[in-house]
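Listed here are the chains, written in short residue letters.
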Amino acid sequence: MENKLSLRASIALGIYRGLYALCLIPAFCVAPILGKFSRRIKEGFNDYFGNVIIPSEMKEPVLWVHGVSMGESMVALGFVKELRKIYPNSTILFTTTHPDVVKDVKKKEIADSIAYFPLDNYRSMNRIFNRWRPDAVFVSETDFWPEFSNQCRQRNIPLMLINGRISSKITSFYTHAKGLSEVVFGAFSAFAVQTRTDADNLLEMGVPLDKIHILGNMKADFTHTNQVNLSDISAWLNGRKLVVFGSLHPEEFEFLKPVFKRLVSDKIAVIIAPRNIALADSWVNELTKDGINTSKKTELKNSEIVILDTIGELASVYKLSSASFVGGSLDHNKTGGHNPLEVLQQNVPLLMGPYYRNFADIVEQLKKANAIEIINNAEEGYYTFKKILNDTSFAEKMTNAGKVVLNNNKGVVEKTINLVNIHLSVNK
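Here goes a summary of the coordinates provided. (Residues numbered from 1 in each chain as written. Predicted model: local features only at pLDDT ≥ 70, side-chain atom pairs only at ≥ 80, totals over all residues. Heavy atoms only, no water.)

### A word on the nonpolar core
As a reminder, the rule being used: To qualify as a nonpolar core, a set must consist of buried Ala, Val, Leu, Ile, Met, Phe, Trp, Tyr and Cys residues joined through side-chain atoms within 4.5 Å. To sort residues, take the accessible area from a 1.4 Å probe on protein chains only and compare it with the maximum for the residue type: under 20% means buried, over 50% means exposed, and anything in between is partly exposed. Any two residues whose heavy atoms approach within 4.5 Å at even a single point are treated as in contact.
In terms of nonpolar packing, the biggest core is built from 77 residues, with F94, F138 and F185 touching the most fellow members. When near neighbours in sequence (up to four residues on either side) are disregarded, F185 contacts F144, I170, Y174, F191, L202, M205, V207 and K211.

Okay, here's the thing in structure tokens:
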């Protein structure tokens, strides 16, 4: 890895540091107030400044894995379990920005130390790297920070992207900010990405071809087991067929309201999982005002629709459904689709909207195999659900085709571990 930055990159890093410092000034002023309301600030205050807990025993190699939010962290934690098998005597450190991930990792003792990801300024990053002294760092899917990358570069620490996704927004920004792009992406030893599009985006930003490895989506290897007790949901269903709408955004909730109403009128049970569970109360109120008996999962009643207001249960809820829709896929200007693999893993017919750029490779495979239905409007959505629910042969063909696609995409974890072994100068 080349430690020396070009003049352009050095200037870009200096400007970034200055602007970041200016942004921190108002943040410091309001932090005491926000700390009373924000779990992240209250729990992670010390971590944000790099004052992370050091494990009592630091066995080599020391491996730092980062997953920014819930989805990325689930992949990262699956990767951690594989690292444990390959490097059983290692010290594994984990960072995230999601409080529920922090809680879960602590409870299950998945990592030797867990922390909130520090602020991306020199002092905070320098402090965490001095305390943890990692031999290698892994970033799950997407989360890029100049100072973080620069610390790896300066210390000659292998930095790898696993299960990488490179969005068009990231590409557009760093293509124009070439100096900053060198700071961030020039520090990486390898990029294990999901699709050809991700690889092309990296190439457009100037990443050398020999650093890019198209391995597929690691999520296909992580089968979700039904460890969640859903006896209350099963009792609520009482033999009815169930349709699940997973990871919906507010616009999609409004868009799909006619579908909810028509399914309910057909005596079909409906569960809606907001992408942000903070929306649960308002969605219950909206549907109740529309005359639909609705309740939250944590306050389950004899209702027609249930709003899932819990974390970590959606994958298991999919298993109870006769068909499921995956959100983030009905607005081309925003999300670009959420993970369809969770539905496939539960052997359930899958529907999505037409905007799925985040999972374009797998969705195109599913479309070619007739293992997914793409809906463009509420009317299509309703009749597609009814066709699946009423035609068991059609539903079975979809799920069988989905199994084939899912199985064809497995093996990414093994490929990633092989890449890790090549790039790390550590002994097992």
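### Concerning the pattern of salt bridges
The cut-off we apply is this: One speaks of a salt bridge when a side-chain nitrogen belonging to Lys or Arg is within 4 Å of a carboxyl oxygen belonging to Asp or Glu. A run of DSSP states H or I qualifies as a helix once it reaches four residues; a run of E qualifies as a strand once it reaches two. Both are numbered from the N-terminal end.
Counted by the stated rule, this structure contains 18 salt bridges. One salt bridge connects D232 with K297, and the closest N-O pair in it is separated by 3.3 Å. In this pair, D232 sits in helix α10 (residues 231-237) while K297 sits in the loop between β10 (294-296) and β11 (305-307), placing the two residues 65 residues apart along the sequence. Judged by its relative accessible area of 30%, D232 falls in the partly exposed class.

### Some remarks on the packing of helix α3 (residues 70-86) against helix α4 (residues 99-108)
Basically, it comes down to this: Interaxial angles span 0 to 180 degrees and are taken between N-to-C directions of axes, which are lines fitted to C-alpha atoms, for helices over the stretch in contact. Here roughly perpendicular refers to angles of 65 to 115 degrees, roughly parallel to angles under 35, roughly antiparallel to angles over 145, and oblique to all remaining angles. Two helices that cross are described as forming a left-handed crossing if the nearer one is turned anticlockwise from the farther one by less than a right angle, and a right-handed crossing if clockwise.
Direction vectors running N to C along α3 and α4 enclose 25°, while the axes themselves pass 9 Å from each other. Accordingly, the angle class assigned to the pair α3 and α4 is roughly parallel. The two elements α3 and α4 meet at a crossing, and its hand is right-handed. Touching M70, S73, M74 and L77 of α3 are D100, V101 and V105, all from α4.

### Side note on empty space enclosed by the protein
Taking a probe equal in size to a water molecule and rolling it over the atoms shows the remaining empty space. Here is the rule: Cavities and pockets are found on a 1 Å grid laid over the protein atoms alone: a cavity is a set of points where a 1.4 Å probe fits but cannot escape, a pocket is an open set with protein on both sides within 12 Å along at least five of seven lines, and a lining residue has an atom within 4 Å of such a point. Grid points are joined across faces, edges and corners, and a volume is the space filled by probe spheres set on the points. Three classes are used, and their members are as follows: Ala, Val, Leu, Ile, Met, Phe, Trp, Tyr, Cys and Pro are nonpolar, Asp, Glu, Lys and Arg are charged, and the others, Gly among them, are polar.
Tallying each qualifying case throughout the model produces two cavities of 30 Å³ or more. Approximately 70 Å³ is the volume found for the largest cavity. Q194, T195, G216, N217, L341, N358, F359, A360, D361, I362 and N409 together form the lining of the largest cavity. Ranked by the residues each element gives to the lining of the largest cavity, the list is headed by helix α15 (residues 360-368), at three residues. Grouping the amino acids of the lining of the largest cavity by side-chain chemistry returns four nonpolar, six polar and one charged. Roughly 50 Å³ of internal volume is contained in the second largest cavity. Forming the boundary of the second largest cavity are H249, E251, E252, G328, D331, K334 and T335.

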